[in-house]
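Notes for the structure review
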Amino acid sequence: MNIYEEIPVLENERFKLRAVEKEDCDDLLRVYSDKNALPFFNSDNCDGDNFYYATKERMQEALDFWKMSYENGWFARLSIVDKSVPSVIGTIELCLRVSEDEFNNMGILRIDVRSDYEKASMLQDIIAIIVPHISELLGCDGILTKGPIYAVERVEALQKTGFAKSEHLLIGKTGYAYDGYWTRE
């Protein structure tokens, strides 16, 4: 299955992952205007976007950009739905990294959630849904995700789902070197 042909619906008892929809705007505004969640969003190599969207208009612009990016094969965004509420509590971004560093041909996994979901057990549940499918969806050799040292809950979730801290820096398109990456083969 190629993610650029179709975004699958994946789920467990608590969460469902599916394609982002325009109707998710209000729920996602709650995520991307959450200043306590902002430090956990991975904006490395994103042309200065820090993913803080404080207005519905700005959130809608981001949704439009995500749709266009998917149509161009740059990356795919999936909404994370908490089935117990039900509402969208974050997104997952997936893309294939093509580079000349140690992370060439790895799938990049970005997970953005509201701050009340930045808990090891919840992140572990979300990671466990998507990780088994990333290689097939992206045709990649491994998975790469950010877990800065201050993100203790996220780091715990990464460790419990088989990720290991990388010794290598991710070299961005401008030559800037980013730290804090975790990998899984």
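Now for a description of the structure that goes with this document. It should be emphasised that the depicted structure is a prediction, and the values quoted were computed from it without experimental measurement. (Residues numbered from 1 in each chain as written. Predicted model: local features only at pLDDT ≥ 70, side-chain atom pairs only at ≥ 80, totals over all residues. Heavy atoms only, no water.)

Our next topic: the packing of aromatic side chains. In this description, an aromatic ring pair is defined by two values, namely the gap between the centres and the angle between the planes. Scanning all chains against the criterion turns up eleven aromatic pairs. Judged by centre distance (5.0 Å) and plane angle (50°), the rings of Tyr 32 and Phe 41 are tilted. Counting every residue linked through ring pairs, the aromatic cluster contains Tyr 32, Phe 41, Phe 51, Tyr 53 and Trp 66. Taking the ring centre of Trp 66 as reference, the NZ or CZ of Arg 77 above it sits at 4.2 Å. (Phe/Tyr/Trp six-rings, centres within 6.5 Å; stacked < 30°, edge-to-face > 60°. Lys NZ or Arg CZ within 6 Å of the ring centre and 35° of its normal.)

Going through the model one piece at a time under the given rule, you end up with 16 salt bridges. Residue Asp 179 is joined to Lys 165 by a salt bridge in which the shortest nitrogen-to-oxygen separation is 3.5 Å. Of this pair, Asp 179 sits in the loop between β9 (177-178) and β10 (181-184) while Lys 165 sits in strand β7 (residues 164-165); the two residues are 14 residues apart in sequence, bridging distant segments of the chain. A relative accessible area of 46% places Asp 179 in the partly exposed class. (Salt bridge = Lys/Arg side-chain N within 4 Å of Asp/Glu carboxyl O. Helix = DSSP H or I, 4+ residues; strand = E, 2+ residues; numbered from the N terminus. Buried < 20%, exposed > 50% of the residue type's maximum accessible area, 1.4 Å probe, protein only.)

For helix α3 (residues 120-138), which comprises 19 residues, the first-to-last C-alpha distance of 25 Å matches the rise-based estimate of 27 Å (1.5 Å per residue) to within 8%. A bend of about 35° at Pro 132 is the largest found in α3. Those residues of α3 not exposed but buried are Ala 120, Met 122, Leu 123, Ile 126, Ile 127, Ile 129, Ile 130, Val 131, Ile 134, Leu 137 and Leu 138. Positive backbone phi, approximately 65°, marks Gly 139, located one or two places after α3. (Expected span 1.5 Å × (residues − 1). Bend = angle between axes of the 7 residues up to and from the residue.)

Strands sit in the order β1-β2-β3-β4-β5-β6-β10-β7 across an open sheet of eight strands; the sheet is mixed. Where the open sheet ends on each side, the last strands, each with one partner, are β1 (10-11) and β7. Helix-sheet contacts for α3 involve β1, β2 (15-19), β3 (76-82), β4 (87-97), β5 (106-113), β6 (142-146) and β10, and the interaxial angle to β4 is about 35°. (Pairing = 2+ DSSP bridges. Contact = heavy atoms within 4.5 Å. Axes fitted to C-alpha atoms, helices over the stretch in contact; angles between N-to-C directions.)

Compared with the 22 Å implied by 1.5 Å per residue over 16 residues, the 23 Å span of helix α2 (residues 56-71) between its first and last C-alpha is a close match. Where α2 is concerned, the buried positions are Met 59, Ala 62, Leu 63, Trp 66 and Ser 69. The buried residues of α2 occupy an angular sector of 125° when projected down its axis, which confines them to one face. Every exposed residue of α2 that faces more than 90 degrees away from the buried side is listed here: Glu 57, Lys 67 and Glu 71. Two residues or fewer past α2, Gly 73 is found with a positive phi of approximately 75°. (Arc of directions from axis to C-beta.)

This part takes up the environment of Thr 55. Its location among the elements puts Thr 55 in the loop between α1 (25-32) and α2. With a relative accessible area of 38%, Thr 55 lands in the partly exposed category. Taking the C-alpha atoms as reference, Thr 55 lies 9.7 Å from Arg 30; in sequence the two are 25 residues apart. Engagement of the side chain of Thr 55 in a polar contact is seen with the backbone nitrogen of Arg 58, the distance being 3.0 Å. (Polar contact = N/O pair within 3.5 Å; in protein donor to acceptor, adjacent residues only side chain to side chain.)

Bridging between β6 and β10 involves four bridges; their strand directions are antiparallel. Bridge pairing in β10 links Thr 145 to Trp 182. Here two bridges tie β7 to β10, and the two strands are oriented antiparallel to one another. When the bridges of β10 are listed, Lys 165 appears paired with Trp 182.

Turning to the side chain of Asp 112, a few remarks are in order. With respect to the element layout, Asp 112 can be found in strand β5. Here the side chain of Asp 112 touches Arg 77 through a polar contact of 3.2 Å, side chain to side chain. Once you skip the residues sitting within four places of it in the chain, Asp 112 turns out to touch Val 31, Tyr 32, Phe 41, Asn 42, Arg 77, Ile 80, Ile 89, Gly 90 and Thr 91.

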